[in-house]
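Inside the fold
Here are the chains, one letter per residue:
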Amino acid sequence: MKRFILILSGCFLVIGWHVNAQFTPVKAARDTIVLPLANGSAANHKMLTDTIKKPVFTPNPSRALWLGAICPGLGQIYNHKYWKLPIIYGGFVGLAYAISWNNRMYNTYKQAYLDLMDNNPNTNSYLNVFPKGTITNPAQIDKAWLQTALQQEVNVFRRYRDLSIIAAIGLYGISLIDAYVDAQMSQFDISPNLSLRVGPSIIQEQQLGASTSYGVKLHITF
């Protein structure tokens, strides 16, 4: 009796394993599910594939604009255009250095000009604009010439400083425009089906004294 129960249990286990193997979905490959049919042998099974597609990221132009306004470069990060970050931040770093250097030189020459014009012998920072050792006697300096030279330098460095500030503001605006346009054009169709071709054309005139004309044909495919 015990032997019969063991044999019967073994048969049920084999049948259950066979049914489970026949009806369990099998993962054949990445993103592909094989579903065998219940009837027939393995040769008659139909394989159904279900390809799982990842959702396509579509940036929001308004969000890209506001992120870029909060901090330059955030709009490009939001649009997943990371290669633009070195261009934007490199430009800001260079312009920040230009603003700082020109402003420092402007203040130096401005102070030298003010010290020259106050006729106070104790304020002589204008001597620092000359290379060391070239001025042995400050009384020999042509103050009229030095006044004109210092005034020109003040104007030059002030102009360069202001232009650097304007360039930085312009770069900020360009980064905003780029982030907005890039997000707006993310779904623009650039497939090969959208094309423009120009080629020669032969025109046959169907009138009295028919003649053949030659021209240019513009072919647009949408």
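Residues numbered from 1 in each chain as written. Predicted model: local features only at pLDDT ≥ 70, side-chain atom pairs only at ≥ 80, totals over all residues. Heavy atoms only, no water.

1. Remarks on the overall build of the chain
The secondary structure content of the chain amounts to five helices and four strands. Counting all 222 residues of the chain, 18% fall into the buried class. Considering only intrachain contacts with a sequence separation of at least 6, the fraction spanning at least 24 residues in the chain is 43%. Split by element, the accessible area of the chain, about 17,000 Å² in all, is 64% carbon and sulfur. (Helix = DSSP H or I, 4+ residues; strand = E, 2+ residues; numbered from the N terminus. Buried < 20%, exposed > 50% of the residue type's maximum accessible area, 1.4 Å probe, protein only. Contact = heavy atoms within 4.5 Å. Areas by Shrake-Rupley, 256 points an atom, 1.4 Å probe, with all protein chains shown as cover.)

2. What to know about the nonpolar core
Counting residues in hydrophobic clusters, the biggest one holds 12 residues: Tyr 106, Tyr 109, Ala 112, Tyr 113, Leu 116, Tyr 126, Phe 130, Ile 141, Leu 146, Leu 150, Val 154 and Phe 157. Counting residues per element, the ones that place at least two in this core are helix 4 (85-117) and helix 5 (143-184). Here this core takes five residues from helix 4, the largest share from any one element. Every residue in contact with Leu 116, bar those within four places of it in the chain, is listed here: Tyr 126, Lys 143, Leu 146, Gln 147 and Leu 150. (Core = buried A, V, L, I, M, F, W, Y, C linked by side-chain atoms within 4.5 Å.)

3. Examining the packing of aromatic side chains
Scanning all chains against the criterion turns up three aromatic pairs. With 5.6 Å between their ring centres and 70 degrees between their planes, Trp 101 and Phe 157 make a pair best called edge-to-face. Note that Trp 101 is positioned in helix 4 and Phe 157 in helix 5, a separation of 56 residues in sequence. On the accessibility criterion, Trp 101 (34% relative accessible area) is partly exposed. Phe 157 sits in the buried class, given a relative accessible area of 8%. Joined through ring pairs, the aromatic side chains of Trp 101, Tyr 109 and Phe 157 make up one cluster. Seen from the ring of Tyr 160, Arg 159 lies directly overhead, with NZ or CZ sitting 5.7 Å from the centre. Against the face of Tyr 106 rests Arg 161, its NZ or CZ located 4.8 Å from the ring centre. (Phe/Tyr/Trp six-rings, centres within 6.5 Å; stacked < 30°, edge-to-face > 60°. Lys NZ or Arg CZ within 6 Å of the ring centre and 35° of its normal.)

4. Quick word on the confidence of the model for the chain
Should pLDDT be low for a region, the predicted coordinates there are not to be read in detail. A residue-level look at the chain finds 59% of positions with pLDDT of 70 or above and a mean pLDDT of 75. Low pLDDT, under 50, characterises residues 11-38; the stretch is placed with 30 contacts to residues that sit more than four places away or in other chains. This model gives residues 40-51 a pLDDT under 50, and the stretch forms 19 contacts once residues within four places in sequence are excluded. (pLDDT = per-residue confidence, 0-100.)

5. What to know about helix 4
Since the α-helix advances by 3.6 residues per turn, residues separated by three or four positions end up pointing in the same direction. Between its terminal C-alpha atoms helix 4 stretches 48 Å, which fits the 48 Å expected from 33 residues at 1.5 Å a residue. By the burial criterion, the buried members of helix 4 are Leu 85, Ile 88, Leu 95, Asn 102, Tyr 106, Tyr 109, Ala 112, Tyr 113, Asp 115 and Leu 116. Structurally, helix 4 contributes buried residues whose contacts are with helix 3 (74-78) and helix 5. Two residues or fewer after helix 4 comes Asn 119, characterised by a positive phi angle close to 55 degrees. (Expected span 1.5 Å × (residues − 1).)

6. Description of the pattern of salt bridges
One pass over the full model with this rule turns up four salt bridges. A salt bridge links Asp 182 to Lys 84, with the shortest nitrogen-to-oxygen separation between them at 3.3 Å. Separated by 98 residues along the polypeptide, Asp 182 in helix 5 and Lys 84 in the loop between helix 3 and helix 4 bring together distant segments of the chain. The same class applies to Asp 182 and to Lys 84, which are both buried. (Salt bridge = Lys/Arg side-chain N within 4 Å of Asp/Glu carboxyl O.)

7. Digging into the side chain of Asn 102
With respect to the helices and strands, the residue Asn 102 is situated in helix 4. For Asn 102, a relative accessible area of 6% corresponds to the buried category. Among the polar contacts made by the side chain of Asn 102, one reaches the main-chain carbonyl oxygen of Ala 98 at a distance of 2.7 Å. With residues up to four places along the chain from it excluded, the contact list for Asn 102 reads Phe 157, Tyr 160, Arg 161 and Ser 164. (Polar contact = N/O pair within 3.5 Å; in protein donor to acceptor, adjacent residues only side chain to side chain.)

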